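Structural characterization, general
Each chain is listed here by its residues.
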Amino acid sequence: MSYHKRYRQIQRELKELLVSSSEEEADWVHQNTKIPKLYHNNSDPSLSFSDQDSCESTSLSPLIVTAPEELSTDDESHHHISDLALEEGLALWASKNNITRQAANELLELLRNNGHNLPKDSRTLMETPRYVEVLEKCGGHYYYFGIGSCLQNILKTHPAFVKENDSVKLSVNIDGIPLHKSSNEQFWPILIKFSCFKPALVALYCGKTKPDSIDSFLEDFLQEYKQLSENGLVFEGKRLAVRIVAFICDAPARSFIKCIKGHNGYYSCERCEIKGTWQSHVLVLDSAQPCNERSDEKFNQEQYRDSHQLGKSPLIQYGISCVKGFPLDYMHMICLGVTRRMLLFLIRGSKKCKLSQLQISLISSSLESLSNKLPSEFARQPRSLAVIDRWKATEFRQYILYTSIVVLKDVVPDIIYKNSLLLTVSLSVLLNSNDEIRNSYLPYARELLKCFVQQCRDIYGQSFIVYNVHNLLHLVDDVENYQCSLNDICAFPYENELHKIKQLVRSSNNPVSQVFKRLAEKKMFNESKVTEANHRIYISTKYKNNCFMLKNEDFVFLRKLKNDVYYECDVLRQSQTEIFFTEPCNSKLINIVFMKNKSNLKKKVIHLEQLHRKVIKLPYKDGVVLVPVVHDIFS
């Protein structure tokens, strides 16, 4: 969000807060505080809805369509800011918008001068803790929040989970994030996540380098986990089993936690015993011969000590798998790794694969023409290849899953286009949230990825087959092992949370203490009757938000709102669509189709519950390519 847009939003919220605290509020209050309510606008009939109370649908469906009765505005658990008293409302407003203490104090002084009985200092208003016991540990500053307390806080606001489940299966993320551009200071947080809930901060380390001892850094975390795994977590009289099922980290963090060689080591592969070779200043993991798979038994016995292992990981003695328990994160491995490497080779690589300036210009123009045509759930719209060094992981994901299908066609050589489709199709299979469909196509996805790696050697050269590219051969193993889609074992949710943690730091003075205080302020409101619903699907008659796929795989285009839950729409049958590509498979296999502009569509009235997946419309020649959204749109 731009500075001016955020400034206007804060001003509007503050004005509304001071003007009225009655129940008759303008729609913008609900929209900007993300309250789960149906919103309709005369110029743009649209609907936004939340899945905050429906964890099961989040894990099973790429698109969550919540029944209207679940969105009742009479639910006492959902209140907007203006329903609160002035003092409590100001505190919530300041916490939600991360208002600085100086700005909040100036506002309090202004209001006090105008007759309002308010505290002089924002710390009193926000009930900010006065003292934080930060420890000197691992060469920096450290604070441990605790697994149990984090789980208790989450379960307090989601009691339905306890009624429906007997265990808590945790995923853990550890990563380093720089705090400032002008210094080496960095955070190393430990985050946990389970079910569809947001990640929670368990421990936070801050120093000029990563923690100097992995044993000391994980000591508190592992000791508490041991107690919880043996005794369980008691919540409101019910005992829940607690178990860590996965550590979801990038390659440097995995090597740090597991005490193994980094991704540039000769024996760096975490799944097989392949030995790399140095070529063109990079370590290449390319072998035509099958290699022995690594096992947890050998890892625990340190049988890889001379080649792969640098020491004994503290996770071993707590029964945590260091091979199968560390899934390969597709955000770092594919989006920021393979996809980015492919594009850089096409733009700046050798003559063998480098595209001409005309081809690069055509691709960039096509990407820019798609700007503002992707659904509102996409935080970033397509950008030119000229700024590829500034692309984020979500942009590379957007490219390889959706836009590359159109922008590369008829521009790059046929072998490059088909090679890109190999990765796109295999990812679409692995990201499918339907267990039955995904599992039936896993052998096919495995063969596609093998073919992709082999073709990359011929197209880009042997130096292309680095750590990330080689690990594509092991990616299907994780989906089989965890029996879930890649959406459930990726780092996207954690990256979002890391960014929010970093935003809590306002100065370079005691960053750990600042984070603790900001979280304590937010916790006060999470335990009140104010609940933010961040998961929203946008349904509208506008171009970018009006296309959906039904459960019978027909496509619908919303045209006119009938009432709160019914839409008049145009229906496109699968039989009316055309195949967009034939290799490596028929595009209809993954529901990617081409629709001509003059297609004869049948009009029909549908209920919102019939919608299954959101669909992207990508213009191409005399029609549009319809591509269902397969990634988790909330991450």
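Below is a short write-up of the structure. Bear in mind that the values here come from a model prediction, so they are computed numbers and not experimental data.

What follows concerns the environment of N563. Summarising the element assignment, N563 is placed in the loop between β14 (555-561) and β15 (566-572). For N563, a relative accessible area of 39% corresponds to the partly exposed category. With 44 residues separating them in the primary sequence, N563 and H607 have C-alpha atoms 9.8 Å apart. A distance of 3.0 Å separates a polar side-chain atom of N563 from the backbone nitrogen of V565.

The subject of this paragraph is the packing of helix α14 (residues 393-407) against helix α15 (residues 414-430). It is the contact of α14 with α15, at a shortest axis distance of 9 Å, that shows an interaxial angle of 145 degrees. Handedness of the α14/α15 crossing: left-handed. Contact with α14, carried on its side by I400, L401, S404 and I405, involves Y417, S420, L421, L423, T424 and L427 of α15 and no other residues of that element. For the contact of α14 with α15, a count of residues per class yields seven nonpolar, three polar and no charged.

As a further point, take α15. The end-to-end C-alpha separation of α15 is 25 Å, in line with the 24 Å expected for 17 residues at 1.5 Å each. Buried residues dominate α15, accounting for 14 of its 17 residues.

Before going further, it helps to examine the sheet that holds strand β20 (residues 623-628). A sheet is described by the order of its strands in space; here eight strands give the open sequence β16-β17-β20-β19-β13-β14-β15-β18, paired in antiparallel fashion. Taken across any chain shown, the strands that pair with only one partner, and hence form the sheet edges, are β16 (578-579) and β18 (602-607). Summarising the sheet, strand β17 (residues 593-596) and β20 pair through four bridges and their orientation is antiparallel. Its bridge partner being in β20, F594 is matched across the sheet by V625. Across the face of the sheet, α14 comes into contact with β19 (611-620) and β20 while running at roughly 30 degrees to β19.

Another aspect to go through is the environment of N97. Residue placement: N97 occurs in the loop between α4 (86-96) and α5 (101-113). Using a relative accessible area of 5% as the deciding quantity, one classes N97 as buried. In sequence terms N97 and Q9 are 88 residues apart; their C-alpha atoms lie 9.6 Å from each other.

Before going further, it helps to spend a moment on the pairing of strand β7 (residues 200-207). Judged by how many residues are buried, β7 sits mostly within the fold: eight of eight residues are covered. Relative to β7, strand β3 (residues 140-144) runs antiparallel, the two sharing four bridges. Bridge pairing in β7 places Y142 opposite Y205. Examined bridge by bridge, strand β6 (residues 186-193) and β7 share seven bridges and lie antiparallel to one another. Residue pairing across strands places I192 opposite A200, the latter belonging to β7.

Applying the stated criterion across every chain yields a total of 25 salt bridges. In this structure, E480 and R446 form a salt bridge, with 3.0 Å as the shortest nitrogen-oxygen distance. Linking E480 in helix α18 (residues 475-482) with R446 in helix α16 (residues 435-460), this pair joins segments that are 34 residues apart in sequence. For the salt bridge of D570 with K603, the shortest nitrogen-to-oxygen distance reads 3.1 Å.

Note on terminology: a disulfide is the covalent bond linking the sulfur atoms of two cysteines. Under the definition given, this model contains zero disulfides. A disulfide-free cysteine, C272 has its sulfur positioned 3.5 Å from the sulfur of C269, the nearest such atom.

The subject of this paragraph is helix α10 (residues 251-258). Note that an α-helix has 3.6 residues per turn; residues three or four places apart therefore point the same way. Counting buried residues along α10, seven of its eight residues qualify, which places the element largely inside the surrounding structure. Among the residues making up α10, those that are buried are A251, A253, R254, S255, F256, I257 and K258. The elements touched by buried residues of α10 are β4 (167-174), β6, α9 (214-231), β9 (238-247), α11 (296-300) and α17 (467-470). The opening residue of α10, the one whose side-chain oxygen lies 3.1 Å from the backbone nitrogen of A253, is D250. Following α10 by one or two positions, C259 has its phi on the positive side, about 60 degrees.

Quick notes on the rules
Residues numbered from 1 in each chain as written. Predicted model: local features only at pLDDT ≥ 70, side-chain atom pairs only at ≥ 80, totals over all residues. Heavy atoms only, no water. Helix = DSSP H or I, 4+ residues; strand = E, 2+ residues; numbered from the N terminus. Buried < 20%, exposed > 50% of the residue type's maximum accessible area, 1.4 Å probe, protein only. Polar contact = N/O pair within 3.5 Å; in protein donor to acceptor, adjacent residues only side chain to side chain. Axes fitted to C-alpha atoms, helices over the stretch in contact; angles between N-to-C directions. Left-handed = near helix turned anticlockwise from the far one by under 90°. Contact = heavy atoms within 4.5 Å. Nonpolar A, V, L, I, M, F, W, Y, C, P; charged D, E, K, R; others polar. Expected span 1.5 Å × (residues − 1). Pairing = 2+ DSSP bridges. Salt bridge = Lys/Arg side-chain N within 4 Å of Asp/Glu carboxyl O. Disulfide = S-S within 2.5 Å.

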